[in-house]
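# Chain and residue survey
The residues making up each chain are set out below.
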Amino acid sequence: NAGVTQTPKFQVLKTGQSMTLQCAQDMNHNSMYWYRQDPGMGLRLIYYSASEGTTDKGEVPNGYNVSRLNKREFSLRLESAAPSQTSVYFCASRQTSGSPGELFFGEGSRLTVL
Amino acid sequence: DQQVKQNSPSLSVQEGRISILNCDYTNSMFDYFLWYKKYPAEGPTFLISISSIKDKNEDGRFTVFLNKSAKHLSLHIVPSQPGDSAVYFCAASKYTGGFKTIFGAGTRLFVKA
């Protein structure tokens, strides 16, 4: 039971480099999310996709772009990485219905920007 | 501007006693409130939720209380067990074409044996 799979799990970048975090879910969920976790800040929503073909900004979207490639996959791109983007990134998904239901999270991707 | 606030970074409780984790929110338009639990090096996992039209929801040892007038919710764990030691996140969801979920900063719970 894979659930939500994120790659890579660890990455070190230099300032200005670009990279894409990949996320895939095998639960046929409609909605997918990207969060970042920083000490003392909790989980902050970067972008989310309520359904295939739609994306919306969250609390901290600046410096990021997303693509909902298909129903399974939702990628997060850093075009020009900055040290402030050093964080642990979590992808999540949920099956949208009349109630929010639970979010299922991946194991996280730890990104360090030097 | 944090819409969901957990003002206690940590809480220490003796095994068998009650743990009470608190959460405040600022937006009265949230539709649901949820609690998640997180162990180190793992993703958060869902614990319990409550609709904004209810004031209590119970699931085994876990009970969530919602006080809408005070914009406050709390999670009660009775009895607390050492395996409950983790970071607990309060979250709030609002429907905007899809459910947008905002999290608090988290409270680290230590349950001492």
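Each remark here, short or long, concerns the structure printed above.
Read on for an overview of the structure. These numbers were taken from a predicted model, which means no experiment stands behind them. For every chain, the first residue of the written sequence is number 1, and numbering continues from 1 onward in sequence order. As they are written, the chains are lettered A onward and the ligands numbered 1 onward, keeping that order. Since the coordinates come from a predicted model, pLDDT governs what is reported: local features require at least 70, and pairs of side-chain atoms require 80 or more to be given and counted, while whole-chain, interface and lining totals use all residues. As a rule here, side-chain values come from all non-hydrogen atoms in the structure, and water together with hydrogens is ignored.

### Quick notes on a nonpolar patch on the surface
Residue and element names in this part refer to chain B. A contiguous nonpolar surface patch, about 230 Å² in accessible area, is contributed by Ile 18, Ile 20 and Val 78. A run of H or I in DSSP becomes a helix once it reaches four residues, and a run of E becomes a strand once it reaches two; helices and strands are each numbered from the N terminus. By the secondary structure assignment, Ile 20 is in strand β3 (residues 19–25). Relative accessibility under 20% of the residue-type maximum defines a buried residue, over 50% an exposed one, and the middle range a partly exposed one, all with a 1.4 Å probe and only protein chains included. Overall, the relative accessible area of 36% leaves Ile 20 in the partly exposed class. Exposure above 30% relative accessible area and the lack of any salt bridge qualify a residue for a patch; like charges then connect within 9 Å, and the nonpolar side chains Val, Leu, Ile, Met, Phe, Trp and Tyr within 5 Å. Per-residue accessibility takes into account occlusion by the displayed protein chains alone, with areas from the Shrake-Rupley method and a 1.4 Å probe. Salt bridge, as used here, is a side-chain nitrogen of Lys or Arg placed within 4 Å of a carboxyl oxygen of Asp or Glu.

### Remarks on the interface of chain B and chain A
Listed per partner, the contact involves 22 residues of chain B and 26 residues of chain A. Once two parts are brought into contact, the accessible area they lose, counted with a 1.4 Å probe and summed over both, makes up the buried area. Of the roughly 1800 Å² buried where chain B meets chain A, counting both sides, 63% is carbon and sulfur surface. Of all residues in chain B, the largest losses of buried area upon contact with chain A belong to Pro 44, Phe 99 and Phe 103 of chain B, amounting jointly to 30% of the total for that side. Contacts described as polar in this section are N or O atom pairs within 3.5 Å, which, within protein, must combine one atom able to donate a hydrogen with one able to accept it, while residues neighboring in sequence count only if both atoms come from side chains. Inspection of the chain B/chain A interface yields five residue pairs in polar contact (both at pLDDT 80 or more). In terms of residue count, the dominant contributor to the side of chain B that touches chain A is strand β10 (residues 99–103) of chain B (five residues). Note on residue classes: Ala, Val, Leu, Ile, Met, Phe, Trp, Tyr, Cys and Pro are nonpolar, Asp, Glu, Lys and Arg are charged, and everything else, Gly too, is polar. For the side of chain B that touches chain A, the residue count by class is 11 nonpolar, eight polar and three charged. Throughout, a residue-residue contact means that at least one pair of heavy atoms, one from each residue, lies within 4.5 Å.

### Observations regarding the sheet that holds strand β8 (residues 72–77) of chain B
Read from one edge of the open sheet, five strands run β1-β3-β8-β7-β6 (chain B), paired in antiparallel fashion. Only two strands of the sheet have a single partner each, and these edge strands are β1 (4–5) and β6 (56–59) of chain B. For two strands to be treated as a pair, DSSP must find no fewer than two bridges joining them.

### Quick word on the state of the cysteines
All names here are of chain A. Here, the term disulfide refers to a pair of cysteine sulfur atoms separated by no more than 2.5 Å. Applying the stated criterion across every chain yields a total of two disulfides over all chains. At a sulfur-sulfur separation of 1.9 Å, the disulfide partner of Cys 23 is Cys 91. The chirality of the disulfide connecting Cys 23 with Cys 91 is left-handed, given an S-S dihedral of about -75°. Taken together, the residues Cys 23 in strand β3 (residues 19–25) and Cys 91 in strand β9 (residues 87–94) connect sequence positions 68 residues apart. A single burial state applies to Cys 23 and to Cys 91, both of which are buried.

### Looking at the sheet that holds β3 of chain A
Residue and element names in this part refer to chain A. If you walk across this open sheet you meet the four strands as β1-β3-β8-β7, and the pairing is antiparallel. One side of each edge strand has no neighbouring strand; the edge strands of this open sheet are β1 (4–7) and β7 (64–68). On average, each strand axis in the sheet is inclined to that of its neighbour by 15°, with strand direction left out of account. With three bridges connecting them, β3 and strand β8 (residues 74–78) associate as antiparallel partners. In the sheet register, Thr 20 faces β8, and the bridge partner there is Arg 77. Lines fitted to the C-alpha atoms define the axes, with helices restricted to the stretch that makes contact. Angles between their N-to-C directions range from 0 to 180 degrees.

### Notes on the pairing of strand β4 (residues 31–38) of chain A
Residues and elements named next belong to chain A. Of all eight residues in β4, seven are buried; the element is thus mostly enclosed. Bridging between β4 and strand β5 (residues 42–49) involves seven bridges; their strand directions are antiparallel. Pairing of Tyr 33 across the sheet is with Tyr 48, part of β5. Count of turn residues in the β4/β5 antiparallel hairpin: three residues, of which Gly 40 carries a positive phi of about 80°.

### Details of the pattern of salt bridges
Residues and elements named next belong to chain A. A complete count under the given rule lists four salt bridges over all chains for this structure. As a salt-bridge pair, Arg 36 and Asp 38 come within 2.8 Å of each other at their nearest N and O atoms. A residue is classified by how much of its surface remains accessible, and Asp 38, at 11% relative accessible area, is buried. For the salt bridge of Glu 79 with Arg 77, the shortest nitrogen-to-oxygen distance reads 3.1 Å. Its relative accessible area of 44% is what places Glu 79 among the partly exposed residues. Among the charged side chains, a salt-bridge network with shared partners connects Arg 36, Asp 38 and Arg 44.

Bear in mind that shape data such as this cannot, by itself, settle questions of function.
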